[in-house]
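# Chains, contacts and geometry: an overview
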Amino acid sequence: MISFLKGKRLFKEFVIALTFLSLFVISCSTVPITGRSQLILISEFQELQLGLQAYNQVLEKEEPSKNKRYVEYVNDVGNRIALQTEKNYQWEFNVFQGDVINAWCLPGGKIAFYDGILNIMDNEAQVATVMAHEIAHATARHGGERVSIGILAQVGAVAVQIAMRDKDPAIQYAVFQAYLPTVLVGVILPFSRKHENEADRMGLTYMARAGYNPEEALIFWEAMYEATKSKKRPPVWLSTHPTTLQRIENIKALLPEALEIYNDSDKAPNRKIR
Ligand SMILES: [Zn+2]
């Protein structure tokens, strides 16, 4: 939160913010597969450095899984799908202990699954569903894009203060109080949901190219729905993720295209997990 300052100091802050912004490589890049244009204010190198820093912190905290089969399948599936991407990252695939039904990816292709999410999967194609989704977050540079929107929101906050500097402090306060939630609800959260949908779409393509049947994605997300439906979730407009039912509907619509890719692919093994 930025405190209320006198006009002069604000102007100085604004100049600093602009200078700061000009230090960034303002690049318009294109997301693979979907072709969406994106504005990214940091270089890919900076993005990878941020990812690596966060990754090293996580490695200190989390315990590796004791389930050898999980570790083997996650690595095999990960390596197979990574070959289908356009990026030459230093991919790493981990399984951590814990019941949490989760997996994540940091910029640069550092991917982690928890035992909990593998516990609800039947086979490698379902591992591939989540793996391909996480890999898509990395290749689409969603991390870099998210950092960029955070920077823009801060620059915007300073600009709002500049514009308001001659106004009554009570009005300044009211406008600023309105700014933050508006940006959060109107810009940042829908942005995260857009990333989720994009990762689902790209993920289906990646898994199909790698020879995993994309119909398993539906079976996985239905299992995910069953496993998590009793959990309390924030209302849709306040959530960073689409609901699981929305995901299932999106995936159904994308399935015909993914199946065509799968039919032309070299089929991957699809070992049972249990
Ligand atoms: Zn995601």
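Preceding this section is the structure that the text describes.
Just so you know, the residues in each chain are numbered from 1, in the order the chain's sequence is written. Selection of residues for local features in this predicted model requires a pLDDT of at least 70, selection of side-chain atom pairs for listing and counting requires 80 or more, and totals for whole chains, interfaces and linings are taken over all residues.

Think of it this way: any DSSP run of H or I at least four residues long counts as a helix, any run of E at least two long counts as a strand, and we number them from the N terminus. Each helix and strand in the chain was counted, giving nine helices and five strands. Beginning at the N terminus, the succession of helices and strands in the chain can be written as α-β-β-α-α-β-β-β-α-α-α-α-α-α. Counts of 20 or more other C-beta atoms within 10 Å of a residue's own C-beta define buried residues, counts of 12 or fewer define exposed ones, and intermediate counts define partly exposed ones; C-beta atoms are placed from the backbone. A burial count over the chain gives 32% of its 274 residues as buried. For the chain, the proportion of contacts with a sequence separation of at least 24, taken over those separated by at least 6, is 74%. Placing a C-beta atom from the backbone of each residue, one calls two residues in contact when those atoms lie within 7 Å.

The next point concerns unusual backbone geometry. Although it is not a glycine, isoleucine 33 adopts a positive phi angle of roughly 70°. Its identity is not glycine, yet arginine 141 carries a phi of approximately 55°, on the positive side. Within the element layout of this structure, arginine 141 appears in the loop between helix 5 (124-139) and helix 6 (142-163).

Here we come to the packing of helix 5 against helix 8 (residues 215-228). In helix packing, the relevant descriptors are the interaxial angle and the interaxial distance, both defined with respect to the helix axes. Between helix 5 and helix 8, whose axes approach to 8 Å, the crossing angle comes to 80°. What the angle tells us is that helix 5 and helix 8 run roughly perpendicular. Of the residues in helix 8, those in contact with Ala125, Gln126 and Thr129 of helix 5 are Glu216, Ala217, Ile219 and Phe220. Gly is put with the polar residues, along with every residue not named as nonpolar or charged; the nonpolar set is Ala, Val, Leu, Ile, Met, Phe, Trp, Tyr, Cys and Pro, and the charged set is Asp, Glu, Lys and Arg. Residue composition of the contact of helix 5 with helix 8, grouped by class: four nonpolar, two polar and one charged. A fitted line through C-alpha atoms represents every axis, and for helices the fit uses only the stretch in contact; the resulting angles, taken between N-to-C directions, go from 0 to 180 degrees. Every angle not falling under 35 degrees, over 145, or within 65 to 115 is termed oblique; those three ranges are roughly parallel, roughly antiparallel and roughly perpendicular.

As a further point, take the packing of helix 2 (residues 44-61) against helix 6. Running from N to C, helix 2 and helix 6 cross one another at 95°; their axes reach a closest spacing of 9 Å. Between helix 2 and helix 6, the crossing angle belongs to the class labelled roughly perpendicular. Counting all contacts with helix 2, which are made through Glu44, Glu47, Leu50 and Gly51, the residues of helix 6 involved are Gly143, Gly144 and Val147. The class makeup of the residues in the contact of helix 2 with helix 6 is two nonpolar, three polar and two charged.

What follows covers the sheet that holds strand 4 (residues 103-106). Strand pairing in a sheet relies on backbone hydrogen bonds, with the paired strands running either antiparallel or parallel. A strand pair is defined by DSSP finding two or more bridges across the two strands. One open sheet accounts for three strands, arranged 3-5-4; its pairing is mixed. One side of each edge strand has no neighbouring strand; the edge strands of this open sheet are strand 3 (92-96) and strand 4. Pairwise comparison of adjacent strand axes, ignoring direction, gives a mean angle of 15° for this sheet. Relative to strand 5 (residues 110-114), strand 4 runs antiparallel, the two being bridged by four bridges. Paired with cysteine 105 across the bridge in strand 5 is isoleucine 111.

Topologically, glutamate 44 is positioned in helix 2. For glutamate 44 and lysine 12, which are 32 residues apart along the polypeptide, the C-alpha to C-alpha distance reads 29 Å. Ignoring anything within four residues of it in the chain, the contact list for glutamate 44 reads Arg141 and Gly144.

Here the focus is helix 9 (residues 244-263). The span expected for a helix works out to 1.5 Å for each residue beyond the first. With 20 residues, helix 9 extends 27 Å from end C-alpha to end C-alpha; this agrees with the ideal 28 Å at 1.5 Å per step. Bend at a residue means the angle formed by two fitted axes: the first through the 7 residues ending at that position, the second through the 7 residues beginning there. Where helix 9 bends most, the angle comes to about 50°, and this point is leucine 255, followed within four residues by the proline proline 256. Regarding helix 9, the residues found buried are Arg247, Ile251, Ala258 and Tyr262. Summarising the contacts, the buried residues of helix 9 are in contact with helix 7 (169-209) and helix 8.

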